[in-house]
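Residue strings, one per chain:
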Amino acid sequence: MEICEESGFFHEDFAKFRSDISDSEFRAFSQLENDEQRVRFVHQIVEDRYGGKLWSPVREIGVGKSLAKALEAKERGNSAFQYEKWQESLRCYNDACLLLPAENDQEKAFILANRSAALFHLNKYDLALRDIDRSIQLHYPENMRYKLMERKARCFAALKDLPTALECYRDTFAALSVSNLGEEMLEKKMKETHKMIINLELHIENVKKYLEPVKRGVVKKFVPHVDKSIFFDCTESEGRFARTRNHLKPNCVLLKELPHASVVMSDCSGTHCDQCCSRVEVLFSCPKCVDVVYCSEECLQEGSRGHHAYECGFLPFLRNSGANVVSMLALRIVSQKSEEYFYDMQEQLENLSNDFVDSLPVDDYRKVYNFVTHDEQREAEDYLKWVVMSVLLNTVLVAAGFSKSGSLKG
Ligand SMILES: [Zn+2]
Ligand SMILES: [Zn+2]
């Protein structure tokens, strides 16, 4: 299994590292018995020969963000909107969100407000409401707020939540009194809104007995599933695997389980959520980088508190290195937890029984610790490459402050 692309700098750096190692050192390395010994061995060489540093990655914060470019994208969105190209305007507002530097709350409020209008026209009312609320939180100007309140009312009306729509029209009416509209326009808008309120009150009165509580935005919860015909088996060479007793029909779902760790390949990093891997329709951006995107505020928060706290700013370095999905997964398995998590678990890693591992939740590291790796079939050359890649990944963790105890440096 390869661990890097040939185009990345790791490939060349490794070739140089390999040529710096004497025959006797390599022989000593090939006689080592476990990963811990191999990692210590290579670390010692790095310490003695390269002063402890093979690479010195620098965290790139804010690189790629630009207020001017964000405003350009917003303008493109506005002109697409004027031509009723809703999908294109959504795409431009997404770009604007990605490019906007962190400290521009007011601009963000405008972009989200405009995006909510595009979403409204695309009949994506729940998503539009989410953007409106966020825009208000970010202090969208008071004297223009009537626009957002009216859009909110229309969204709720479209979602058949008439009582909430009525409430929002009342809020629109109140917001108009502090608006920046000229006298004539203000009067016209107030009349229209008042009419909507009266109509809606009458309508609600008429259909009262038919009104049902509105169910909205129900997020489907993931439910793991194992088909009854499935049982688990194990051999020394293949590790654990699933078998079935029955003939399987096409389209039968055998197994549904969340992954222990997942990464978005770099060519999908602009289109798929870095936290849940789903395709991003309405983009949420990391405030510090343009290297990942998120599908929701929840995924953004979860990612920023979890693995992205360590990976943010280092993804260009990792991508340029050529580290492929296997290497990135190895990093993610570590970066999604904390150093203490692994220390606390260290002594429990030996003698894990299969039954015990089966009872653990999917995000428990012990779930993947005992995977069969076929390491006895691996050549020393190959091992060396894996260990040097682990040095590269470790370099990022150290630079990112993952190790509070400093032990990763040794
Ligand atoms: Zn997501
Ligand atoms: Zn970031």
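Residues numbered from 1 in each chain as written. Chains lettered and ligands numbered in written order. Predicted model: local features only at pLDDT ≥ 70, side-chain atom pairs only at ≥ 80, totals over all residues.

> Describe in detail the overall build of the protein chain, supporting the description with residues and values.
Helix and strand counts for the protein chain come out as 18 helices and 6 strands. In terms of overall size, the protein chain is more extended than a compact globule, its C-alpha atoms giving a radius of gyration of 28 Å where 410 residues would be expected to give roughly 22 Å. Counting only C-alpha atoms and orienting by the principal axes, one finds that the protein chain spans roughly 90 × 55 × 35 Å. Taking all contacts inside the protein chain whose residues are at least 6 apart in sequence as the whole, residues at least 24 apart take part in 62%. (Helix = DSSP H or I, 4+ residues; strand = E, 2+ residues; numbered from the N terminus. Rg over C-alpha atoms; globule rule 2.2 N^0.38 Å. Contact = placed C-beta atoms within 7 Å.)

> Quick one: what's the story with helix α14 (residues 325-335), residue by residue and with numbers?
Residues Ser 327, Met 328, Leu 331, Arg 332, Val 334 and Ser 335 constitute the buried set of α14. With its buried residues spanning 160° around the axis, α14 presents them on a single face. Against α12 (308-311), α13 (315-321) and α18 (380-399) lie the buried residues of α14. (Buried ≥ 20, exposed ≤ 12 C-beta atoms within 10 Å, placed from the backbone. Arc of directions from axis to C-beta.)

> Outline the nonpolar core, supporting the account with residue identities and numerical values.
Residues Ala 96, Ala 128 and Met 389 are the most contacted members of the largest nonpolar core, which totals 75 residues. Among the elements that take part in this core, helix α6 (residues 105-121) stands out by supplying 9 residues, more than any other. Ignoring any residue separated from it by four or fewer positions in sequence, one finds Met 389 in contact with Ile 3, Cys 4, Phe 10, Ala 323 and Ser 327. (Core = buried A, V, L, I, M, F, W, Y, C linked by C-beta atoms within 7 Å.)

> Lay out the environment of Ala 68 with the relevant residues and their values.
Examined against the element boundaries, Ala 68 turns out to sit in helix α4 (residues 67-82). A tally of 8 C-beta atoms within 10 Å means that Ala 68 is categorised as exposed. Residues Ala 68 and Arg 91, 23 residues apart in the sequence, show an inter-C-alpha distance of 17 Å.

> Describe the environment of Glu 238, listing the residues and the values that go with them.
On the secondary structure map, Glu 238 appears in the loop between β2 (230-235) and β3 (239-244). Residues Glu 238 and Thr 373 lie 135 residues apart in sequence; the distance between their C-alpha atoms is 9.0 Å.

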